[in-house]
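Below are the chains, spelled out letter by letter.
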Amino acid sequence: MDFEVAVETNGTVPAPAGLDWIAVSPKGNAKLQILQGNELKLVYPQPEALPDRFEELAFAHHLLQPMDGPDLAANTAAAVAYCLANPRWRLSLQSHKVLGIP
């Protein structure tokens, strides 16, 4: 049918077969069932979900996304600093929020 199927999940339930792209966004200390995929997108910082906990998982891309809210500027600076010090991780921004699009 010439289309691809992508899913973003917190990873606590196994993914069904046939997905073309799997993005896992872990939350807190939840136990992951999906340990490999295309991208691991971690909201940062999360005291119970530090990046080193996920460093060795088999994902093609390891992304840090600054936690939104009143501390966004500090969280963005912290995510940038972490990515610079740990090259496996790349920064992921929610561009619609940066541009002020609801």
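The structure presented is a predicted model; accordingly, all values stated were derived computationally and were not measured.

> Can you walk me through the nonpolar core in this structure?
General note: in soluble globular proteins, nonpolar side chains tend to be found buried as a group. Judged by nonpolar contacts, the single largest core of 16 residues is most densely connected at Val24, Leu40, Leu42, Phe54, Leu57, Leu64 and Trp89. Every element with two or more residues in this core is listed here: β2 (21-24), β3 (36-44), β4 (58-66) and α1 (72-85). Those residues within four positions of Leu64 in sequence are excluded, and the remaining contacts are Leu42, Tyr44, Pro51, Ala79, Tyr82, Cys83, Trp89, Arg90, Leu91 and Ser92.

> Looking at this model, I keep getting lost on α1. Mind explaining?
Every α-helix winds through 3.6 residues per turn, so residues three or four apart in the chain are directed the same way. A rise of 1.5 Å per residue sets the reference length of α1, with its 14 residues, at 20 Å; its end C-alpha atoms lie 20 Å apart and thus fit the reference within 8%. Those residues of α1 that fall on the buried side of the exposure criterion are Asn75, Ala79, Tyr82 and Cys83. Buried residues along α1 cover an arc of 95° about the axis, so they all sit on one side. Summarising the geometry of α1, the exposed residues directed more than 90 degrees from the buried face are Ala73, Leu84 and Ala85.

> Would you mind showing me how to read the packing of aromatic side chains here?
Pairs of aromatic rings are described using the distance from one ring centre to the other and the angle between the two planes. If you walk through the whole model with that rule in mind, you get 1 aromatic pair. Ring geometry for Tyr44 against Tyr82: centres 5.6 Å apart, planes inclined by 45°, an arrangement best described as tilted. Placement of Tyr44 in strand β3 and of Tyr82 in helix α1 is noted, with a sequence separation of 38 residues between them. Neither Tyr44 nor Tyr82 differs from the other in exposure class; each is buried.

> It is not clear to me how the side chain of Ser25 should be interpreted in this structure. Could you clarify?
Tracing the backbone through its elements, the reader meets Ser25 in the loop between β2 and β3. Residue Ser25 is classed as buried on the basis of its relative accessible area of 5%. At a separation of 2.8 Å, a polar atom in the side chain of Ser25 contacts the side chain of Lys27.

> What am I meant to see in the pairing of β4 here?
Within a regular beta strand, the side chains point alternately toward one face of the sheet and then the other, so they alternate between its two faces. For β3 and β4, the ladder comprises 8 bridges, and the chain directions are parallel. In the sheet register, Leu42 faces β4, and the bridge partner there is Leu64. Here 3 bridges tie β4 to strand β5 (residues 89-91), and the two strands are oriented parallel to one another. What sits directly across from Leu63, in β5, is Arg90. The parallel pair β4 and β5 is bridged by α1, and the resulting crossover is right-handed.

Here is what the cut-offs are and how they apply
Residues numbered from 1 in each chain as written. Predicted model: local features only at pLDDT ≥ 70, side-chain atom pairs only at ≥ 80, totals over all residues. Heavy atoms only, no water. Core = buried A, V, L, I, M, F, W, Y, C linked by side-chain atoms within 4.5 Å. Buried < 20%, exposed > 50% of the residue type's maximum accessible area, 1.4 Å probe, protein only. Helix = DSSP H or I, 4+ residues; strand = E, 2+ residues; numbered from the N terminus. Contact = heavy atoms within 4.5 Å. Expected span 1.5 Å × (residues − 1). Arc of directions from axis to C-beta. Phe/Tyr/Trp six-rings, centres within 6.5 Å; stacked < 30°, edge-to-face > 60°. Polar contact = N/O pair within 3.5 Å; in protein donor to acceptor, adjacent residues only side chain to side chain. Pairing = 2+ DSSP bridges. Right-handed = clockwise from strand over helix to strand, strands pointing away.

Such coordinate-based values are descriptive only and should not be taken to indicate function.
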